[in-house]
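Letter by letter, the chains look like this.
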Amino acid sequence: MVRVSGGAMADRNTAFVGDIPRNYDRYLGPVLFHEFADDLAQRIKVVPGMRVLELACGTGIVTRRLADRLRGHGSIVGTDLNEAMIAYGRGQMPPGSEHVEWQTADATKLPFPDQSFDAVVCQFGLMFFPDKAASIRESFRVLKPGGHYLFSVWDTLSKNPAARIAHETAGRFFPADPPLFYSVPYSLHDPAPVRKMLAEAGFGQIEVTPLEKSGASPSAADAATGLIEGNPILGAIMARRPEALDDIKRATAAAVAAELGDPPARIPLHAIVLSARRP
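Overview of the structure. (Residues numbered from 1 in each chain as written. Predicted model: local features only at pLDDT ≥ 70, side-chain atom pairs only at ≥ 80, totals over all residues. Heavy atoms only, no water.)

Examining the nonpolar core
- Of all hydrophobic cores here, the largest spans 93 residues; its most connected members are L53, F151, W154, L198 and F203.
- The biggest single contributor to this core is helix 2 (residues 20-42), with 10 residues.
- Ignoring any residue separated from it by four or fewer positions in sequence, one finds F203 in contact with I136, S139, F140, L143, Y149, L198, A276, R277, R278 and P279. (Core = buried A, V, L, I, M, F, W, Y, C linked by side-chain atoms within 4.5 Å. Buried < 20%, exposed > 50% of the residue type's maximum accessible area, 1.4 Å probe, protein only. Helix = DSSP H or I, 4+ residues; strand = E, 2+ residues; numbered from the N terminus. Contact = heavy atoms within 4.5 Å.)

Digging into the packing of helix 8 (residues 220-229) against helix 10 (residues 245-260)
- It is the contact of helix 8 with helix 10, at a shortest axis distance of 8 Å, that shows an interaxial angle of 125°. Our classification of the angle between helix 8 and helix 10 gives oblique. Helix-helix and strand crossings are classified by hand; for helix 8 and helix 10 the assignment is right-handed. Between helix 8, through A220, A221, A223, A224, T225, L227, I228 and E229, and helix 10, the contact on the second element is made entirely by L245, I248, K249, T252, A253, V256 and A257.
- Its residues assigned to classes, the contact of helix 8 with helix 10 shows 11 nonpolar, 2 polar and 2 charged. (Axes fitted to C-alpha atoms, helices over the stretch in contact; angles between N-to-C directions. Parallel < 35°, antiparallel > 145°, perpendicular 65-115°, else oblique. Left-handed = near helix turned anticlockwise from the far one by under 90°. Nonpolar A, V, L, I, M, F, W, Y, C, P; charged D, E, K, R; others polar.)

A look at unusual backbone geometry
- Look at the link from D262 to P263: it is a cis peptide, with omega at -20°.
- Within the secondary structure layout, P263 lies in the loop between helix 10 and strand 7 (265-277).
- Residue P264 follows P263 across a cis peptide bond; omega there is -10°.
- By secondary structure assignment, the location of P264 is in the loop between helix 10 and strand 7.
- Positive phi values are uncommon outside glycine, yet F124 reaches one of about 55°.
- The phi dihedral of Q205 falls on the positive side, at around 50°, and the residue is not glycine.
- On the secondary structure map, Q205 appears in strand 6 (residues 204-217).

What about the environment of G29?
- One can find G29 in helix 2.
- A relative accessible area of 0% means that G29 is categorised as buried.
- For the pair G29 and A216, spaced 187 residues apart in the sequence, the C-alpha separation amounts to 9.4 Å.
- Contacts of G29, omitting those with residues within four sequence positions, involve Y24, H34 and I61.

As structure tokens, this is what we get:
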């Protein structure tokens, strides 16, 4: 997603490589993303011939759900800056998915004409864009009048115990220089500045909805694999002390089991869904 210290999309592009896309989709998906993806896809009102743009689609967790809803009714373009994630997502699509396109794209400089989509969707991506206001303006630009902009951000790290456990556990192994990756996706929990950016871009009918869901993993060990090897905290660990990886995973699994159960691990999740319309 991003460099551990901050937020450049170029770093996101280089961070999701190797086995991370597979681990993200297989292990981290059910822990953090699946139930929110189900919810987000259902919030889109499907109309004949509609065209949907997804930003920061990653391995296609939301894309697959939107594809099911739009089959026979419309099409979707899944975009991400990370080619490895897109390649993995494309490979997970079932036959009969010709209505799904995949394209590498920068969400702050979209390569699409004005007013070319009926909806823009983004699950847990805005936090990683270096210029969030520019991304929101771009979403406004490519939407048709009346178009729907629908996206989600995480609530605080303290309300999301699986991510908090991974963040704190890895940090204990590197007290002088802790990996800070998890501080980024949980950095937009205050909706006020996001609402302001939406209004300044021209959006109306802005709605903010706190949402509680739950994730699950067959085991605490599987959850730890996703939490540690399914995102760029892995790169931060390997850059510091690669021989510590197995110990960090074991410690994360033990902490998940102690707090969230094993087997299975049940994970409380808190996020915020934002919805806006282009007048």
